[in-house]
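Each chain is listed here by its residues.
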Amino acid sequence: MKEPDLRKIRKSMEKKLDHKRYEHTLGVAYTAAALAMRYEADVNNALLAGLLHDCAKCMSNEQRLAICEKHNLAVSEVEKRNPYLLHAKVGSFLAMKKYGVTDKDVINAILNHTTGRPGMSKLEKIIWLADYIEPGRKQAPNLAKIRKAAFEDLDQAILLALEDTIRYLNGYFKEEKLEIDEMTLKTYDFYKNGGKSV
Ligand code: FE
Ligand code: FE
């Protein structure tokens, strides 16, 4: 099957997503494309994964859980308690079934864009990081430093961003403590260990 038409995908996202999420999506797609140029990854795949990464973001938790149930997608306990985490899993499923994506790397980049995973491919790293640094992001700490690092050393930038993500979820930057998906911690350990399994 031919990979989907980027212009059509963009139009569908404009319809499916709310305005803010659509702006974020474009930011991720173009940032991912720039990173793909820098690191010699496939620019079209970066655009495609960027455009689709949040395709399941603007639906209710009930809808996401219903899609998982209907299509036998496994839902972990953490995901049950925080169904927004499911937007990556449901998004990668929709990318395949609804938007006609066949490239495994693109599908994985969407699947792992929230928590990352140890041993991410170049494209997975690019999408994970583009989601963190795209121009519309404002509130993350150390953003300027991480944005610069992103174009110098991909793994180092991911490590810095993961560090802040975990600090944020631990309530370091504000009162509220949020639940951390175990995979985020595993990803952090992996990249802290220089990209080798712990
Ligand atoms: Fe997302
Ligand atoms: Fe996103």
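Residues numbered from 1 in each chain as written. Chains lettered and ligands numbered in written order. Predicted model: local features only at pLDDT ≥ 70, side-chain atom pairs only at ≥ 80, totals over all residues. Heavy atoms only, no water.

**Q** How should the coordination of the iron ion (ligand 1) be read in this particular structure?
**A** Six octahedral donors around a metal ideally make angles of 90 or 180 degrees; four tetrahedral donors ideally make 109.5 degrees. Protein ligation of the iron ion (ligand 1) involves D54 (OD), H87 (NE2) and H113 (NE2), the donor distances falling in the range 2.1 Å. We note that the donor set of the iron ion (ligand 1) lies within a single chain, spaced as D-x32-H-x25-H. Metal-to-metal, the separation of the iron ion (ligand 1) and the iron ion (ligand 2) is 3.3 Å; D54 coordinates the two. A residue pair is termed long-range when its members are at least 10 positions apart, and D54 in the loop between α3 (43-52) and α4 (61-70) and H87 in helix α6 (residues 86-97) qualify at 33 residues. As far as the burial class goes, D54 and H87 line up, both buried. (Donors = N, O, S within 2.8 Å, 3.2 Å for Na, K, Ca; no water. Helix = DSSP H or I, 4+ residues; strand = E, 2+ residues; numbered from the N terminus. Buried < 20%, exposed > 50% of the residue type's maximum accessible area, 1.4 Å probe, protein only.)

**Q** Just checking my understanding: could you explain the coordination of the iron ion (ligand 2) for this structure?
**A** Coordination of the iron ion (ligand 2) by the protein comes from H24 (NE2), H53 (NE2), D54 (OD) and D131 (OD), over a distance range of 2.2 to 2.3 Å. Viewed at the metal, the 4 donor atoms of the iron ion (ligand 2) are separated by angles of 79 to 170°, and the geometry they form is irregular. Binding-site remark: the iron ion (ligand 2) is held by donors from one chain whose sequence spacing is H-x28-H-D-x76-D. (Tetrahedral: all angles 85-135°; square planar, octahedral: opposite > 155°, others 65-115°.)

**Q** Help me understand the pattern of salt bridges, please; the structure alone is not making it clear to me.
**A** Inspection of every chain in the model, using the stated rule, returns 9 salt bridges. E77 is the partner of K80 in a salt bridge, and the nearest nitrogen-oxygen pair spans 3.4 Å. In this pair, K80 and E77 both sit in helix α5 (residues 77-81), 3 residues apart, roughly one turn of the helix. Notably, a salt bridge pairs R117 with E124, separated by 2.6 Å at the nearest N-O pair. The exposure class assigned to E124 is buried, which follows from its relative accessible area of 2%. (Salt bridge = Lys/Arg side-chain N within 4 Å of Asp/Glu carboxyl O.)

**Q** Looking at this model, I keep getting lost on the state of the cysteines. Mind explaining?
**A** A covalent bond between the sulfur atoms of two cysteines is what we call a disulfide. Going through the model one piece at a time under the given rule, you end up with 0 disulfides. Of all cysteine sulfurs in the structure, the one in C58 sits closest to C55, which takes part in no disulfide; the separation is 10 Å. Since its relative accessible area comes to 32%, C58 is described here as partly exposed. (Disulfide = S-S within 2.5 Å.)

**Q** Got a minute to help me understand the layout of surface pockets in this structure?
**A** A water-sized probe rolled over the atoms picks out the places where empty space is left. The space that makes up the largest pocket amounts to roughly 1100 Å³. Looking at the largest pocket, it is lined by 34 residues, and the ones nearest its centre are K57, D131, Y132, R137 and Y168. For the lining of the largest pocket, the elements supplying multiple residues, two or more each, are α2 (19-38), α8 (122-133) and α10 (154-169). Partitioned by chemical class, the residues of the lining of the largest pocket number 11 nonpolar, 9 polar and 14 charged. Reported here for the second largest pocket is a volume of approximately 290 Å³. E79, K89, T115, D181 and M183 are the residues nearest the centre of the second largest pocket, which is lined by 14 residues in total. (1 Å grid on protein atoms, 1.4 Å probe; cavity = no way out; pocket = protein on both sides within 12 Å on 5 of 7 lines; lining within 4 Å. Points joined across faces, edges and corners; volume = space filled by probe spheres on them. Nonpolar A, V, L, I, M, F, W, Y, C, P; charged D, E, K, R; others polar.)

**Q** How should I be thinking about the packing of α3 against helix α7 (residues 104-111) in this particular structure?
**A** When two helices pack together, their arrangement is given by the angle between the helix axes and the distance between those axes. Where α3 contacts α7, the two axes come as close as 9 Å, and the packing angle between them is 35°. The interaxial crossing formed by α3 with α7 has right-handed handedness. Residues N45, L48, A49 and L52 of α3 form the contact with α7, whose participating residues are V106, A109 and I110. Of the residues in the contact of α3 with α7, the class split is 6 nonpolar, 1 polar and no charged. (Axes fitted to C-alpha atoms, helices over the stretch in contact; angles between N-to-C directions. Left-handed = near helix turned anticlockwise from the far one by under 90°. Contact = heavy atoms within 4.5 Å.)

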